[in-house]
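Read off the chains here:
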Amino acid sequence: MEVIIFENESLVAKRAASMLADLLSIKPSAVLGLATGSTPIKTYQELIKKFNNGEVSFKDVSTFNLDEYVGLKSDNKQSYQYFMREQLFDFIDIQLDNTHFPICLNAKENQQVAENYEAIINAKMGIDLQLLGIGHNGHIGFNEPSSSLASRTRLKTLTRSTIEVNSRLFEAGETQPTMAMTMGIGTIMDANHILLIATGEGKAEAVRNAIEGAISASCPASILQMHPHVTVLLDKNSASLLQNTAYYQRVAEQVKELN
Ligand SMILES: N[C@@H]1[C@@H](O)[C@H](O)[C@@H](COP(=O)(O)O)O[C@@H]1O
C-alpha cells in the first residue's frame, strides 16, 4: 500500500486525476471503477480540465460505479447516475452506453441486478482502476461495517450513521433511500489497481483504522491492506491520526527519486 500525504485537498485531486489520465494514455479503452460522494468531485473537476486541454479522452473508456440507491431513477437528482452526469459525464466525451450502475428500481429484483452487474464487469475483463472514497465508519462503496470481506455485488441496508451523514445532501421533502446496491468488497478487491482518496478531519479515524488498524469487517476499508496494488492519497487532515507518516513520506521521496 502506497500512502501519499498532501498539504491540501486540491493536491489530492490533482494527483488522483493525473493517475487516471496516465492510465488512459497507456490504455485508452480502460475500465474505470468510479465513486460518488463529495470527495471525488474535485478529482472529476481536474479530469474535466484535462479533457478541455486535450490531455485526455474518454471516448473508449467504460465505467462501473460502485453503488446506486435502490428505487431511484436516473432523472432523480439524488441518484448516483444523475450525480455522475452532473459532475463528470456531461463534460467529457464518454459514451453514456459505456457507463454502468447497479440500477435496481424494485428491491425484489436485487439478485438479478447484482448477478447482471458482476457479469458485465467480467465481460469487460474486470476493472483496471477503481477509485474509492471512504465513509466515516470505514465503508467502501456501501459495504457497511460487518459486510463480508469476500462479498460480491448485492443489496445492502444502510446504517443509521451513513443515512445521517448523507442526509446533508438531501433537501427537505426528498425521500432518502435506506437501501443501496453496491459492488461487494470482493468485487472491489478484484480491480487491478485501487485508488483511495480521503480528505478532511472527519475521515481521520476511518483512515487510521483502514491503513494501520487490524483487518476487520468492522472497518471494511481495512481489507485493502490485502490488495497488492493500492494507492492512498490523503490530505494532512485525514492523515492526522496516522502513526507512520514519517515512513510514508520517506517512501514517497524515494519513489519520486526513482522516477
Ligand atoms: N457510497 C458512498 C461512498 O462511495 C463514499 O465513499 C462515501 C463517502 O462520501 P464523502 O466523500 O461525501 O464523504 O459516501 C457514500 O456513502
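Structure's up top.
Residues numbered from 1 in each chain as written. Predicted model: local features only at pLDDT ≥ 70, side-chain atom pairs only at ≥ 80, totals over all residues. Heavy atoms only, no water.

(A) Structural detail: the overall build of the chain. Per the secondary structure count, the chain includes 8 helices and 10 strands. Taking 18 Å as the expected radius of gyration for a compact globule of 259 residues, we find that the chain reaches 17 Å, a close match to that expectation. Counting the 259 residues in the chain, one finds 52% classified as buried. Long-range contacts, defined here as pairs at least 24 residues apart, represent 78% of the contacts in the chain between residues at least 6 apart. With an accessible surface of roughly 12,300 Å², the chain has 48% of that area assigned to carbon and sulfur atoms. (Helix = DSSP H or I, 4+ residues; strand = E, 2+ residues; numbered from the N terminus. Rg over C-alpha atoms; globule rule 2.2 N^0.38 Å. Buried < 20%, exposed > 50% of the residue type's maximum accessible area, 1.4 Å probe, protein only. Contact = heavy atoms within 4.5 Å. Areas by Shrake-Rupley, 256 points an atom, 1.4 Å probe, with all protein chains shown as cover.)

(B) How the structure looks around helix α3 (residues 80–87). Among the residues of α3, Tyr80, Gln81, Phe83, Met84 and Gln87 are the ones counted as buried. Within α3, the buried residues cover an arc of 160 degrees as seen down the axis, which keeps them to one side. Looking at the buried side of α3, the elements it contacts are β2 (31–34), α2 (41–52), β3 (62–65), β4 (67–69) and α5 (160–166). (Arc of directions from axis to C-beta.)

(C) Fine view of the sheet that holds strand β8 (residues 179–182). Here 3 strands make up an open sheet; going across it, the order is β4-β8-β7 and the pairing antiparallel. Lying at the two open borders of the sheet, with one neighbouring strand each, are β4 and β7 (154–157). With direction set aside, neighbouring strand axes in the sheet form an average angle of 30 degrees. The pairing of β4 with β8 spans 3 bridges and is classified as antiparallel. Bridging across to β8, Tyr69 finds its partner in Ala180. (Pairing = 2+ DSSP bridges. Axes fitted to C-alpha atoms, helices over the stretch in contact; angles between N-to-C directions.)

(D) Region of interest: the site of the ligand. Inspection of the region around the ligand gives 15 residues, with Ser38, Thr39, Asp67, His139 and Lys203 positioned closest. Between Ile134 and the ligand, the recorded distance is 3.4 Å, taken from a backbone N or O atom to an oxygen atom. Between the ligand and Lys203, the relevant distance is 2.5 Å, taken from an oxygen atom to a side-chain nitrogen or oxygen of the residue. If the ligand stood free it would expose 390 Å²; the protein chains cover 96% of that surface. The pocket occupied by the ligand, as judged from atoms lying within 2 Å of grid points, is the largest pocket. Looking at side-chain class alone, the shell around the ligand contains 4 nonpolar, 8 polar and 3 charged residues. (Near = heavy atom within 4 Å. Polar contact = N/O pair within 3.5 Å; in protein donor to acceptor, adjacent residues only side chain to side chain. 1 Å grid on protein atoms, 1.4 Å probe; cavity = no way out; pocket = protein on both sides within 12 Å on 5 of 7 lines; lining within 4 Å. Sits in = over half its atoms within 2 Å of the grid points. Nonpolar A, V, L, I, M, F, W, Y, C, P; charged D, E, K, R; others polar.)

(E) Structural context of the packing of aromatic side chains. Within the structure shown, the criterion is met by 7 aromatic pairs. An angle of 15 degrees between the planes, with centres 6.1 Å apart, marks the rings of Tyr80 and Phe142 as stacked. Of this pair, Tyr80 sits in helix α3 while Phe142 sits in the loop between β6 (129–132) and β7, and the two are 62 residues apart along the sequence. Phe142 gets classed as buried once you look at its relative accessible area, which sits at 2%. Among the aromatic side chains, those forming a connected cluster through ring pairs are Tyr69, Tyr80, Phe142 and Phe170. (Phe/Tyr/Trp six-rings, centres within 6.5 Å; stacked < 30°, edge-to-face > 60°.)

(F) Spatial organisation of the pattern of salt bridges. Evaluation of the coordinates by the stated rule reveals 9 salt bridges. Residue Lys236 pairs with Glu7 through a salt bridge whose shortest N-O separation is 3.2 Å. With a gap of 229 residues between them, Lys236 in the loop between β10 (230–235) and α8 (245–258) and Glu7 in the loop between β1 (2–6) and α1 (9–26) connect regions that are remote in the sequence. The exposure class assigned to Glu7 is exposed, which follows from its relative accessible area of 52%. With a shortest N-O distance of 3.5 Å, Asp60 and Lys59 are connected by a salt bridge. On the accessibility criterion, Asp60 (38% relative accessible area) is partly exposed. (Salt bridge = Lys/Arg side-chain N within 4 Å of Asp/Glu carboxyl O.)

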